[in-house]
Amino acid sequence: MKQITERRENYLKRIHELSKTGEVRGADLATELNVKRPTVCVYLKRLVEYGDITMDDLHTVHLTGQGRKIAEATLDRHGMICSLLKTLGVPSEVAAEDACAIEHSISPETYSALKQLLNERQVSI
């Protein structure tokens, strides 16, 4: 599997979130990610090559098992970090924004330790 980059995680996370409310198309992603449609088109082709998504004849985007796993792991990290920051008194909006940045750079060891800390303190994630 290719390296999991911040960009890859962001695309897969957004696809996962959008798929909960309906079909996902490139135009939807362009709007959500605030990028141009041709940029999305190029990256969606890359995600197909990586095996993260499939696209049907109507250009609807679907996560594969691998893509869903990456998206859910990213969302899990985001939720945990956001909860931790709010527990520390960071306002919700700031915590969500900061969690978006931190979720991509945290090591598995640090993530595990922070998650354990929150569980011990019985903070809901």
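No experiment lies behind these values; they were computed from the predicted model shown.

Parameters and conventions
Residues numbered from 1 in each chain as written. Predicted model: local features only at pLDDT ≥ 70, side-chain atom pairs only at ≥ 80, totals over all residues. Heavy atoms only, no water. Salt bridge = Lys/Arg side-chain N within 4 Å of Asp/Glu carboxyl O. Helix = DSSP H or I, 4+ residues; strand = E, 2+ residues; numbered from the N terminus. Buried < 20%, exposed > 50% of the residue type's maximum accessible area, 1.4 Å probe, protein only. Core = buried A, V, L, I, M, F, W, Y, C linked by side-chain atoms within 4.5 Å. Contact = heavy atoms within 4.5 Å.

Chemist: Quick question: what am I supposed to make of the pattern of salt bridges here?
Modeler: Side chains bearing opposite charge may pair, as long as their charged atoms lie close to each other. Within the structure shown, the criterion is met by 6 salt bridges. Ionic pairing is found between E103 and K13, a salt bridge with its closest N-O pair at 2.7 Å. Separated by 90 residues along the polypeptide, E103 in the loop between α5 (92-102) and α6 (108-120) and K13 in helix α1 (residues 6-19) bring together distant segments of the chain. Comparing E103 with K13 shows no difference in burial state: the two are buried. The salt bridge involving R25 is made with E23; its shortest N-O contact spans 3.2 Å.

Chemist: Is there a simple way to explain the nonpolar core in this structure?
Modeler: As a rule of thumb, nonpolar side chains are buried together in soluble globular proteins. Counting 16 residues, the largest nonpolar core has L12, I15, L29, L44, L47 and I53 as the members making the most contacts within it. For this core, the elements supplying multiple residues, two or more each, are α1, α2 (26-33), α3 (37-50), β2 (61-63) and α4 (65-87). Apart from the residues within four sequence positions on either side, L12 is in contact with L47, D52, I53, L63, G67, I70 and A71. Among the nonpolar cores identified, the runner-up in size contains 10 residues, and M80, C82, A99 and L118 belong to it.

Spatial relationships are all this shows, so hold off on functional conclusions.
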